[in-house]
Amino acid sequence: MSDDPNPLANRLPQGLPSSKKCMAVLGWAVVACVLGATLAVLRAHTFQCAQGHDEAIFLYGGQAWASGQVPYRDFWDHKPPHIFLFHALPLWLFPFSRTAAVVNEIIWLALAGTVFAVVCRRHLSVAASAIAVAFFCLFVSHRVTVRSGGMTEEASLLFVALSYWMILRPSPQLRRDVLWAGVFLGMAAEFRQTYGLSLLFLAATTVWRARALQWKSKPILGALGLVGLGFAFPEAFWSAWFAAKGIWRDYFEASYLFNLIYIGAAPETHTGWLDGLRTHWRVLRDTGPMLAAPVLAAALVPWLPRDKRTWCGLLLLAFACEFAPVSISGEYYHHYYVQTTISTCLLLGFAVLAVGGIVAGIFGRRPSEMSRIKAAAGLLPALAVVAAAAWLTAGGVRCHIEENRKIARRNALPTGDWALEQSLGRAIAGLTAPNERILLLGVQPNACYFAAQRYAGARYFHNAPLFKGKFQGHISERMKQAMVADLERHRPVLILLGLLEGSDKEWLGMELVRRRAPFLVPYLTDNYLPLETLGGRIPRDWFWYEDVCAFLVRKDLRETVRARLDALSPAP
């Protein structure tokens, strides 16, 4: 069936003259710059705080990829490839630059916010769009949800916004729109695979738009097939790329099988659904009205313009698809909620649109689409929605300010997170040459590689999978052999013995290896010895040593490292 004109096409603007198109492009460029500046201010804490656990992993993965290493072969994590590619982009030009990585995050979020603003203006008033975009900026900048920045959810938002842009277009070109919507959602899923559930939202919107075009069953099925085809395209590309590298099995095992294991294993930080509800409430209370937006919008659906109600209903489905994965692993990590950003902020915009219609119906001097009686009936729900949104906004802003102050206070401490990261980086850089490798065994401190500007001596460079409790029963002999082979090939100068998940101080040292990776004990015993046995003085500013981590030194380099240690801690 051809894409004939239909009532939807009447909502589309006619072709603009070239001069007006240029002005429109320039206008949206200005919006992008304003959003970038706003995000830079709201996300100032990401420039000032130490690297978070996950961010340190992603930063190192990006740096390793930028230096020519291949994911899942040379460095391993159970995340899809786009998060490492995302972090690699600025590090190709600015190696080991945390500032470049943070600016890269802001640029991508500003682009996501600009596309989101375009979607808002397609369906909302100027005021409602401005409010929705403002809350978008707050939600993706809040310390509670983004921590130190660079998380998979926020990095994917540009492609999520592009998917919404295509699927919510009031356009007769349905086949084109749904194909691209699927492609963009598939690209988002290469950051976080739980976006696959949002295919339900794309499918429902596709069917609704097809029915508005008066399509029959067969063309509708074809359009749904295009959604699936588009969604599968990014995965097909990466599967072919890794197959060409000869490591498709490693890629599939890491980013799919281990993710399924992670989901299916018992949670390590929560005890059940009641604990999850408490977490939902804390995040809602601390971040503003965004997570309450579905309730706020649903309460005012009867007062929305008739042509907006279906869109609002579809967005409620989108939010459900994006919110459900928050608890999929049983962990309820706060950054999981960022996946809902686009749908929840759009729903907030629809709530604002309904409130504006009620106010115009009651107090407006010009004729309103809403009768005064209906508007008066909506006054009480509108006041309740505004009051709830105002209360949550005040709490979210207050929490944002308090969290930024906490970071400033911690940074001022001589033994705070920032001081630890900087001191650790200087220590490792002083004990090793730039071309020598190090390796962390344990959950922390992941920042060691980026802070010291050193590369890992094995593909399993952090807690997962060897030292992560959830994966203990799934470590194959092939993975163990690969780990030992990496150690024999790269021969790291320093081994950092960190912490186990949830461990106490007495679990430091070789005990953590004996508990989680006993197959490494013979190799480490034969080739390494504790730094303390070298006889040198531990520098006074190493306040973290034997508290956060301890060092093992390669035996054949004991004298070299001893001389470097003496240079770091000269005799009084």
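Residues numbered from 1 in each chain as written. Predicted model: local features only at pLDDT ≥ 70, side-chain atom pairs only at ≥ 80, totals over all residues. Heavy atoms only, no water.

## As for the overall build of the protein chain
So, point 1. For the protein chain, the count of helices and strands is 25 helices and four strands.
So, point 2. Along the longest, intermediate and shortest principal axes, the C-alpha atoms of the protein chain span 85 × 50 × 50 Å.
So, point 3. Within the span of the protein chain, comprising 572 residues, buried residues form 55% of the whole.
So, point 4. For the protein chain, the share of sequence-separated contacts (at least 6 apart) that also reach a separation of at least 24 residues comes to 77%. (Helix = DSSP H or I, 4+ residues; strand = E, 2+ residues; numbered from the N terminus. Buried < 20%, exposed > 50% of the residue type's maximum accessible area, 1.4 Å probe, protein only. Contact = heavy atoms within 4.5 Å.)

## Quick notes on the pattern of salt bridges
So, point 1. The full count for this structure, using the stated rule, is 22 salt bridges.
So, point 2. A cluster of three or more residues bridged by salt bridges with shared partners is formed by Arg169, Arg176, Asp177 and Arg209. (Salt bridge = Lys/Arg side-chain N within 4 Å of Asp/Glu carboxyl O.)

## What about the pairing of strand E4 (residues 550-554)?
The side chains of a regular strand alternate between both faces of the sheet.
So, point 1. Burial within E4 is extensive, with five of its five residues counted as buried.
So, point 2. With burial as the criterion, each face of E4 is covered, one bearing Ala550, Leu552 and Arg554 and the other bearing Phe551 and Val553.
So, point 3. In terms of strand pairing, strand E2 (residues 494-497) meets E4 through four bridges, oriented antiparallel. Counted as the bridge partner of Ile495 is Leu552 from E4. (Pairing = 2+ DSSP bridges.)

## Concerning the environment of Thr432
So, point 1. Inspection of the secondary structure assignment puts Thr432 in the loop between helix H20 (417-431) and strand E1 (438-441).
So, point 2. Once the C-alpha coordinates of Thr432 and Ala324 are considered, the two residues, 108 residues apart in sequence, prove to be 46 Å apart.
So, point 3. A distance of 2.7 Å separates the side chain of Thr432 from the backbone oxygen of Ile428, its partner in a polar contact.
So, point 4. A polar contact is formed between the side chain of Thr432 and the side chain of Arg454, at a distance of 2.8 Å. (Polar contact = N/O pair within 3.5 Å; in protein donor to acceptor, adjacent residues only side chain to side chain.)

## Quick notes on the sheet that holds E4
So, point 1. Strand order in the open sheet made by the four strands is E1-E2-E4-E3, with mixed pairing throughout. Strands with a single pairing partner mark the edges of an open sheet, and in this sheet they are E1 and strand E3 (528-530). On average, each strand axis in the sheet is inclined to that of its neighbour by 25°, with strand direction left out of account. (Axes fitted to C-alpha atoms, helices over the stretch in contact; angles between N-to-C directions.)

## Re the nonpolar core
So, point 1. One finds Leu346, Leu441, Leu496, Trp544 and Phe551 to be the most contacted residues of the largest nonpolar core, which totals 176 residues.
So, point 2. Aside from chain neighbours lying at most four places away, what touches Leu496 is Leu424, Ile428, Ile438, Leu439, Leu440, Leu441, Cys448, Cys549, Ala550 and Phe551. (Core = buried A, V, L, I, M, F, W, Y, C linked by side-chain atoms within 4.5 Å.)

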